[in-house]
Amino acid sequence: MTNILKRATRVEFDEDGTCRAYSANEDMLSEFHTPYDPDHNSQFETPISPDGRFLFVGTWRFGVLCYDLHKGTLVWRKGPEKIRNLFLFQDRVISEASDLGLQERNAKRGNLVHRYSMPSIECLFRVSKDEIFTGPKRRKYFLMRIPGFIEIRELPQSLLNPNECTSFHISSVDRKGRNLIIWGTEEFPKRNLSKPGRQHFRRIVSIG
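Residues numbered from 1 in each chain as written. Predicted model: local features only at pLDDT ≥ 70, side-chain atom pairs only at ≥ 80, totals over all residues. Heavy atoms only, no water.

Undergrad: Which residues make up the sheet that holds strand β15 (residues 167–176), and what are the values?
TA: If you trace the three strands from one edge of the open sheet to the other, you get β15-β16-β17, paired in antiparallel fashion. Looking along the sheet, the strands with just one partner apiece sit at the ends: β15 and β17 (199–206). Within this sheet the neighbouring strands show an average axis-to-axis angle of 20°, counted without direction. The sheet contact formed by strand β16 (residues 179–187) and β17 spans eight bridges and is antiparallel. Opposite N179, over in β17, you have S206 as the bridge partner. (Pairing = 2+ DSSP bridges. Helix = DSSP H or I, 4+ residues; strand = E, 2+ residues; numbered from the N terminus. Axes fitted to C-alpha atoms, helices over the stretch in contact; angles between N-to-C directions.)

This is the structure:
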């Protein structure tokens, strides 16, 4: 069996962005250069297509890039820049661009299918097979269904930040039945900057 027929199951990156793709039995299928930045990209997912043929890389400077894992070649590249979270849903690529919002693209060609504007976006979490949690926008967070970024629930920021902390960061969100479990850190309650001391929180929020 030749390498081109083998399915890539994992990739690894060097500090300079060099990528190596491996099959399930650890045969190296390709080696090629990418703009992968360990300091940035290690915080987020760098997914491989279910058929093991393509790799998707979200970058701060160059947008979203798709590579052929057998040939080691660039298939497509699309803006905008400042990409953080990136994941696959069926035949779509879902990405989060800082200061802009969410994009949904066709994985094969990279063309834009849906867009959701959110200039103040701070987080994006996948909470179930076809749901995401994101925000804020107009002091609200949202539970959405994908594809299409269909709003299921609006959650006011006051519900998630009841102590009115000036510094408020959501680090993880999970869905358990009709509840969202939200973890994060907060500091300066009631917007009082004279009360430092970062605290971790875990809140259960009902979504009905």
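Undergrad: Report on the sheet that holds strand β2 (residues 18–23), specifying residues and quantitative values.
TA: An order of β1-β2-β3 is seen for the three strands of this open sheet, with the pairing classed as antiparallel. One side of each edge strand has no neighbouring strand; the edge strands of this open sheet are β1 (8–13) and β3 (28–33). Taken pair by pair, the neighbouring strands of this sheet meet at an average axis angle of 20°, ignoring direction. Here five bridges tie β2 to β3, and the two strands are oriented antiparallel to one another. In the strand pairing of β3, Y22 is matched with M28.

Undergrad: Any details on the pattern of salt bridges? Residues and values, ideally.
TA: Considering all chains together, one arrives at 15 salt bridges under this definition. With its nearest N and O atoms 3.3 Å apart, the salt bridge here joins K82 to D99. Here the residue K82 occupies a position in the loop between β6 (73–78) and β7 (83–89), and D99 occupies one in the loop between β8 (92–97) and β9 (101–106), the gap between them amounting to 17 residues. Here D99 falls in the partly exposed class, since its relative accessible area comes to 41%. Sharing partners across several salt bridges, the network here consists of R10, E12, D14, R20, E26 and E31. (Salt bridge = Lys/Arg side-chain N within 4 Å of Asp/Glu carboxyl O. Buried < 20%, exposed > 50% of the residue type's maximum accessible area, 1.4 Å probe, protein only.)

Undergrad: Can you tell me about a negative patch on the surface, naming the residues and giving the values?
TA: Side chains of E15, D16, D37 and D39 sit close together on the surface and give a patch of like negative charge. Within the secondary structure layout, D39 lies in helix α1 (residues 38–41). Looking at D39, the relative accessible area reads 64%, which means it is exposed. (Patch = residues over 30% accessible without salt bridge, like charges linked within 9 Å, V, L, I, M, F, W, Y side chains within 5 Å. Areas by Shrake-Rupley, 256 points an atom, 1.4 Å probe, with all protein chains shown as cover. Lys, Arg positive; Asp, Glu negative; His and termini not counted. Charge placed at Lys NZ, Arg CZ, Asp CG, Glu CD.)

Undergrad: An account of a positive patch on the surface is needed here, citing residue identities and associated values.
TA: Positive charge collects at one region of the surface, where R53, K71, K108 and R109 lie side by side. Along the chain, R109 turns up in the loop between β9 and β10 (112–117).

Undergrad: Describe unusual backbone geometry, listing the residues and the values that go with them.
TA: Of note, the amide linkage connecting G79 to P80 takes the cis form, showing an omega dihedral of 10°. Topologically, P80 is positioned in the loop between β6 and β7. Here the amide bond leading from I146 into P147 is cis, since omega sits at 5°, within 30 degrees of zero. When you line up the elements, P147 lands in the loop between β13 (140–145) and β14 (150–156). Unlike most non-glycine residues, K82 shows phi in positive territory, near 60°. Non-glycine residue E164 carries a positive phi angle of around 50°. As for its position among the elements, E164 is in the loop between α2 (157–160) and β15.

Undergrad: Could you give me a rundown of the packing of aromatic side chains, with the residues and numbers involved?
TA: Per the stated rule, a full pass over the model turns up six aromatic pairs. A ring pair is formed by F133 and Y141, whose centres lie 5.6 Å apart and whose planes are at 10°; its orientation type is stacked. By the burial criterion, F133 is buried, and Y141 matches it. We note K137 situated over the ring of Y116; from NZ or CZ to the ring centre the distance is 4.7 Å. R203 extends its terminal NZ or CZ atom over the ring of F201, reaching a point 4.3 Å from the ring centre. (Phe/Tyr/Trp six-rings, centres within 6.5 Å; stacked < 30°, edge-to-face > 60°. Lys NZ or Arg CZ within 6 Å of the ring centre and 35° of its normal.)

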